[in-house]
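Architecture at a glance
Given next are the chains, with one letter for each unit.
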Amino acid sequence: VVAGQALQHTAAMQKAIREHDGKKLMAKFLPPGMFAGQAAQVKSLEDLETLPEKEPWLLTSKLVVKPDQLIKRRGKNGLVKLGLDYEGAKAVCTEWMGKDVELEGVKGKLNCFIIEPMMAFSAEYYICIHSLREKDEMLFYHEGGVDVGDVDAKAVRLGVPVGTKATEAQITDALLAKVPASEQPLLAKFFAALYSLYVDLAFTYLEINPIVVVEGGLVTPLDLAAKVDLTAQFDVGHMWGDLDMPAPFGRDSTPEEAHIAALDEKTGASLKLTVLNPKGRVWTMVAGGGASVIYSDTICDMGFAHEMSNYGEYSGAPTEALTFEYAKTILDLMTRDPVDDPSFEVKPKCLIIGGGIANFTNVATTFGGIIRAMKAYRDKILSHKIGIWVRRGGPNFQEGLNAMKTAGASLAIPVHVYGPETHITAIVPMALAYIDPAFKYEAKSLVADGKVRGPPPSVSLDKPESAAVLFNPSTTSLVYGLQQRAVQNMLDFDYCCKRSKPSVAGMIYPFGGDNVQKFYWGTSEILLPVYKDTSSAMSANPTASIMVNFASQRSVYPSVKEALAYPQIKTIAIIAEGVPENKTRELVKEAKEKEVTVIGPATVGGIKPGCFRIGNTGGMIDNCIDCKLHRPGSVAYVSRSGGMSNELNNIVSQHTNGVYEGVAIGGDRYPGTTFWDHLMRYEANPDVKMMVLLGEVGGIEEYAICEAIKDGRISKPLVAWCIGTCSGYFNHSVSFGHAGSAANSMLETSEAKNAALKEAGAIVPTSFNELPHAIHETYAKLVAAGTVVEGPEIEKPTVPMDYKWAMDLGLVRKPSAFVSTICDDRKEELIYAGMEIGRVFEENIGIGGVVSLLWFRRKLPPYACQFLEMILML
């Protein structure tokens, strides 16, 4: 990661703060007498009248005024005013407040300013601290200021390993050789304290340019840019206080974006929306963080970036009501053209409702919300000539797709529906051809050829566990958290793979006493123990070598630290996302020292067909069987995205003889293991004949893969693609679905990494849309060369379906034990006498209205409802 480059796409969990707040934190938490800065903030013209009472120095000092809105190169853009008295500062703020300006192609409004005393100094320096996987790096240049230039090339550096401190001696030796001897002790002491503050307050980036030494020997920052790790708010929020985290300049949230963000804060699901071009004609509603990037990539790769209207995602099993709100917001944005004006030319628009194969989201439930929105906007959809393309897979997808087809037919809306048999992005060129008939695209392998490709006749799955072999058919695990559904999914997979015993030895749940939980092993019922603490679980199960950790982001750190103390644990999967980055890096460091493999955070896990799966990896058991995950193939993959790992299972199963092993390393910035770790394992395994890498924008670890290919350490065919090529088309910051999806330099862009991988010798398609063709072609060559030998396909296993799930799918029926004529709670939304609970609140019928529904089984007139309420009050 390199500091100071122009390209800066914000990671989901790194938030930039205002310069004023950064300096306020320095003033509060640096040692007494070390910080000489003073600053006042102006957010309204009214502030100018009261500020001198709080900050009397404003009336006695020469002042500097500048916007405080995450704007770069303010001096070069004429946005810094020097040497003013307070009246002059007031005049500048008054002139600038609300002014529209354009900076480097981005238009925005000035609305927040910082006023500081003007300082006298002799030399300007540059200092930057930023975080990497195994260390923090300090960059220093002895000639800072507005003309500092390319500090990436000029700066001297000091790496500070995670968990250690930067000493004054280290700083002096590594950074300050070209600083006058008289100022070296001052700067070394200040930088050491600054680094401690950086770690203690969970900064992820801190750049000061210039930083100067003023009269009296005090070190003073003049211009500051900083980001903090939002996931650490629970730990250090009390120290931050009320931090302002503004949107990037020129990118204030629209009301629709704010509405979706408010919904996102109130649910465990994920709802994201960024409006890019409200006049565009290509709209998306995509399930999954990785999938949302891939759809945007494909639209841009096909030349329609100028028509792309939005970026966003809905994922994490949102309710029907939440999905309805999300879909309604999208459709409302799409249908604002003045179609009733005879002079307005109505051009077709498309809505791409896409997604990968879900792990646990009920597709029919979310589609129910979308269908409700389609019904509400039916007339507007038709008048705006909107065509809808749908592609989805996962739990209950058949019912969901059928419901979409039926809804389209009944509403007379053009809805085109596809399932997992169709490549995830195949619907994109179809939709683009609808809005532009001149668009032509020749697809390659977007639909599988249907050929049966059997597993290799001889595969050695029972190799003993080691750093290279994480799982075998005898592997057993402990699950941290009372996750019955995930455990049942693991047991169903075990049963399909014909394991001799369950892969789950027990669960750890510290919020209750020791007990047992009932699960199914095929059609039989078995009991699994639940332990109240980790030590009990470990001592009772000394052969358990895997921990699948479902603890929340707040409690996962101590539970993983505790697990690392037990030598029997060789692999830990951290499912939670949003783990504070400093804590993740500490865990990664300790795990490396103890030779423990960590998968995650922010992962669905991994899977080894015929052996073991982590939690919900692979989705529902029917999808596992459809993707041939019950037996081994010849292809191993590694990806960041859990949802896209499901899609890779699907692609690999359709175009090769199947998956040998697959791992989703996790979407956070610092996953426990890297692409390198897993590809080198696959390279060393003779049963793996080819490999697939699905990378992302952000990070530079793909370059280590390039070097390994060049020097021969990786010799097996590697098909590789890095998603996020759309990022270069956005002229402002977009928060992608994964915290790690952020480019901090040109090296970290998807385009640069794809080009480097191709040059090194990897098989790199022209787009994600061509990935299946590249995998198919590579595999076919291995078969032709005799490297891959296909045996006969084995019979698909069957697993009994849970009664509740069968009920949801409409496959079974059972007489009711009792019948309620006033309410119905069988579906997701409670119904009172035929009225959905959502409408009860939307129409604000009150207590009297609810009583009328429950007592009289109908909605009574307002006067009757008021009478009922009066009786209740009396």
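Quick look at the overall build of the chain
Secondary structure assignment for the chain yields 28 helices and 35 strands. Scaling as 2.2 N^0.38, a compact globule of 874 residues should have a C-alpha radius of gyration of about 29 Å, and the chain matches this with 29 Å. Overall, the chain is about 85 × 75 × 65 Å in size when its C-alpha atoms are taken along their principal axes. Counting over 874 residues, the chain shows a buried share of 57%. In the chain, the proportion of contacts linking residues at least 24 apart, taken out of those at least 6 apart, comes to 74%. The distance from the centre of the 86 positive side-chain charges to the centre of the 101 negative ones in the chain is 4 Å.

Some words on the pairing of strand β20 (residues 477-480)
Burial along β20 is two-sided: Ser477 and Val479 and Leu478 and Tyr480, pointing in opposite directions, are all buried. With four bridges joining them, β20 and strand β21 (residues 504-508) adopt parallel strand pairing. Looking across to β21, one finds that Tyr480 is bridged to Ile508. Since β20 and β21 lie parallel, the crossover through helix α15 (residues 484-496) that links them has a hand, and here it is right-handed. Of the pairings in the sheet, the one linking β20 to strand β24 (residues 546-549) comprises four bridges and is parallel in character. Within the sheet, the bridge partner assigned to Val479 lies in β24 and is Val548.

A closer look at the nonpolar core
The biggest cluster of nonpolar side chains holds 101 residues, and the ones touching the most others in it are Leu679, Leu718, Leu757 and Phe768. Core analysis: the second largest hydrophobic core is formed by 43 residues, Ile17, Met138, Leu187 and Leu201 among them.

So, the pairing of strand β3 (residues 63-67)
Burial runs high along β3: five of the five residues are buried. Residues of β3 alternate between two faces, with Leu63, Val65 and Pro67 on one and Val64 and Lys66 on the opposite face, all of them buried. Across two bridges, the pairing between β3 and strand β4 (residues 81-84) is antiparallel. Each residue of the ladder has a partner; that of Val65, found in β4, is Lys81. In terms of strand pairing, β3 meets strand β7 (residues 113-117) through five bridges, oriented antiparallel. When the sheet's bridge partners are listed, Pro67 is paired in β7 with Phe113.

Quick notes on helix α20 (residues 642-655)
Helix length check: α20 (14 residues) gives 20 Å between terminal C-alpha atoms against 20 Å at 1.5 Å per residue, within 8%. Across the 14 residues of α20, 13 count as buried, placing the element largely inside the fold. Between the side-chain oxygen of the N-cap and the backbone nitrogen of Gly643 there are 3.4 Å, and the N-cap of α20 in question is Ser641.

Let's talk about the packing of aromatic side chains
One pass over the structure, following the stated rule, counts twelve aromatic pairs. Summarising the aromatic geometry, the rings of Tyr195 and Tyr198 are spaced 6.2 Å apart at their centres and angled 15° between planes, so their arrangement reads as stacked. Placement of both Tyr195 and Tyr198 in helix α6 (residues 184-200) is noted, with a separation of three residues, approximately one turn of the helix. Overall, Tyr195 belongs to the buried group, its relative accessible area being 1%. Where Phe471 meets Phe612, the ring centres are 5.0 Å apart and the plane angle is 20°; that geometry is what we call stacked. Of this pair, Phe471 sits in the loop between α14 (427-435) and β20 while Phe612 is found in strand β28 (residues 612-613), placing the two residues 141 residues apart along the sequence. When sorted by exposure, Phe471 lands in the same class as Phe612, which is buried.

Some details on the packing of helix α11 (residues 363-376) against helix α13 (residues 397-411)
Contact pair α11 / α13: the axes reach a minimum separation of 8 Å and the direction vectors enclose 15°. Here α13 runs roughly parallel to α11, going by the angle between their axes. In the crossing of α11 with α13, the sense of the turn from one axis to the other is right-handed. When α11 is examined against α13, the residues Val363, Ala364, Phe367, Ile370, Ile371, Met374 and Lys375 are found in contact with a partner set consisting of Phe397, Glu399, Gly400, Leu401, Ala403, Met404, Ala407 and Leu411.

Observations concerning the sheet that holds strand β18 (residues 386-391)
Pairing is parallel across the open sheet formed by four strands, whose spatial order is β15-β17-β18-β19. For this open sheet the edge positions go to β15 (282-284) and β19 (415-418), each flanked by a neighbour on one side alone. Across this sheet, the average inter-strand angle for adjacent strands is 15°, counted without regard to direction. Bridge count for β15 against strand β17 (residues 349-353) is three bridges, and the pairing is parallel. The partner of Val282 across the bridge, within β17, is Cys350.

A few points about the confidence of the model for the chain
Residues with a pLDDT of 70 or more make up 95% of the chain, whose mean pLDDT is 91. The model gives residues 1-11 a pLDDT under 50, and that stretch makes 47 contacts with residues more than four places away or in other chains. Contacts of residues 737-743 to residues separated by more than four positions or lying in other chains number 36 contacts, the stretch itself having pLDDT below 50.

A word on a nonpolar patch on the surface
Together, Met801, Tyr803, Met807, Leu811 and Val812 line one region of the surface with nonpolar side chains, adding up to about 470 Å² of accessible area. Turning to its location among the elements, Met807 is positioned in helix α25 (residues 803-809).

Focus on the environment of Tyr779
For Tyr779, the location among the structural elements is in helix α24 (residues 771-784). Between the C-alpha atom of Tyr779 and that of His655, which follows or precedes it by 124 residues, the distance is 7.8 Å. Residues within four places of Tyr779 in sequence aside, it is in contact with Arg453, His655, Thr656, Asn657, Met690, Val788 and Glu790.

Re the sheet that holds strand β33 (residues 823-824)
Reading across from one edge, β33-β34-β35 is the order of the three strands in this open sheet, with antiparallel pairing throughout. Two strands close off the open sheet at either side, each with one partner strand: β33 and β35 (835-836). Alignment of β33 against strand β34 (residues 831-832), held across two bridges, turns out to be antiparallel. Within β34, the position partnered with Asp824 by the bridge is Ile831.

Quick notes on the packing of helix α17 (residues 556-564) against helix α18 (residues 581-593)
Between α17 and α18, whose axes approach to 11 Å, the crossing angle comes to 5°. With respect to each other, α17 and α18 are oriented roughly parallel. Contact with α17, carried on its side by Tyr557, Val560, Lys561 and Leu564, involves Lys583, Glu586, Leu587, Glu590 and Ala591 of α18 and no other residues of that element. Class assignment for the residues of the contact of α17 with α18 results in five nonpolar, no polar and four charged.

Some points on the pattern of salt bridges
Within this structure, the stated rule accounts for 45 salt bridges. A salt bridge links Arg336 to Glu256; its shortest N-O distance comes to 2.7 Å. With Arg336 in the loop between α10 (320-334) and β17 and Glu256 in helix α8 (residues 255-265), this pair connects stretches of sequence that are 80 residues apart. One salt bridge connects Asp379 with Arg378, and the closest N-O pair in it is separated by 3.2 Å. Look at Asp379 and you get exposed, because its relative accessible area is 55%. What makes Arg378 partly exposed here is its relative accessible area of 28%. Taken together, the salt bridges that share partners define one network made up of Glu19, Lys23, Lys66, Arg74, Glu116 and Asp223.

Points about helix α2 (residues 47-54)
For α2, the full list of buried residues reads Leu48, Leu51 and Pro52. Take α2 and look down its axis: the buried residues cluster within an arc of 95°, on one side only. When the buried face of α2 is taken as reference, the exposed residues oriented beyond 90 degrees from it are Glu49, Glu53 and Lys54. Buried residues belonging to α2 abut β2 (40-42) and α3 (86-96).

Brief notes about unusual backbone geometry
Asn209 connects to Pro210 through a cis peptide bond whose omega is 0°. Position of Pro210 among the secondary structure elements: in strand β11 (residues 203-214). The step from Gly600 to Pro601 runs through a cis peptide bond, and the omega angle for that step is 5°. In this model, Lys385 sits at a positive phi of 55°, which is unusual for a non-glycine residue. Relative to the helices and strands, Lys385 is located in the loop between α12 (378-383) and β18. Residue classification places Lys385 among the partly exposed residues on the basis of a relative accessible area of 40%. If you check the backbone angles, Asn844 has positive phi at about 50° while not being a glycine. Residue placement: Asn844 occurs in the loop between α26 (837-842) and α27 (846-856). Among the residues examined, Asn844 registers a relative accessible area of 66% and is labelled exposed.

The rules behind the values
- Counting restarts for each chain, with residues numbered from 1 along the sequence as it is written.
- Local features are withheld for residues below a pLDDT of 70 in this predicted model, meaning they are given only at 70 or higher, and side-chain atom pairs are given and counted only at 80 or more; totals for whole chains, interfaces and linings count all residues.
- For the side-chain quantities, the full set of heavy atoms in the structure was used; hydrogens and water were omitted.
- Each helix is a run of DSSP H or I of at least 4 residues and each strand a run of E of at least 2, with the numbering of both proceeding from the N terminus.
- Computation of the radius of gyration draws on C-alpha atoms, with the globule rule given as 2.2 Å multiplied by the number of residues to the power 0.38.
- For the exposure calls, accessible area comes from a 1.4 Å probe over protein chains only, and a residue counts as buried if that area is under 20% of its type's maximum, exposed if over 50%, partly exposed in between.
- Whether two residues are in contact is decided by their heavy atoms, any of which lying within 4.5 Å being enough.
- In this count, Lys and Arg are taken as positive residues and Asp and Glu as negative ones, while His and the chain termini are left out.
- Charge positions are represented by NZ for Lys, CZ for Arg, CG for Asp and CD for Glu.
- Between any two strands, at least two bridges found by DSSP are needed for them to pair.
- Here, the term right-handed applies to a crossover whose path from the first strand over the helix to the second runs clockwise when the strands point away from the viewer.
- Only buried Ala, Val, Leu, Ile, Met, Phe, Trp, Tyr and Cys residues count toward a nonpolar core, and they belong to the same one when joined by side-chain atoms within 4.5 Å.
- Here a helix's expected span is defined as the number of its residues, less one, multiplied by 1.5 Å.
- N or O atoms closer than or at 3.5 Å make up a polar contact, with two conditions inside protein: a donor-capable atom paired with an acceptor-capable one, and, for residues adjacent in sequence, both atoms drawn from side chains.
- Between rings of Phe, Tyr and Trp, where Trp is taken as its six-membered ring, a pair exists when centres lie within 6.5 Å; planes separated by under 30 degrees are stacked, by over 60 edge-to-face, and by other angles tilted.
- Interaxial angles span 0 to 180 degrees and are taken between N-to-C directions of axes, which are lines fitted to C-alpha atoms, for helices over the stretch in contact.
- An angle below 35 degrees is read as roughly parallel, one above 145 as roughly antiparallel, one from 65 to 115 as roughly perpendicular, and any other as oblique.
- For any helix crossing, the convention is left-handed if the near helix is rotated counterclockwise from the far helix by under a right angle, and right-handed if that rotation is clockwise.
- Every residue gets a pLDDT, meaning the predictor's confidence in that residue, from 0 to 100.
- A patch consists of residues exposed above 30% relative accessible area that lack any salt bridge, with like charges linked at up to 9 Å and nonpolar side chains (Val, Leu, Ile, Met, Phe, Trp, Tyr) linked at up to 5 Å.
- For the accessible areas, the method is Shrake-Rupley and the probe is 1.4 Å, while residue cover comes only from the protein chains on display.
- Any carboxyl oxygen of Asp or Glu within 4 Å of a side-chain nitrogen of Lys or Arg constitutes a salt bridge here.
- Residue polarity follows a fixed list, in which Ala, Val, Leu, Ile, Met, Phe, Trp, Tyr, Cys and Pro are nonpolar, Asp, Glu, Lys and Arg are charged, and the others, Gly among them, are polar.
- By definition, the arc is the one covered by directions from the helix axis to the C-beta atoms.

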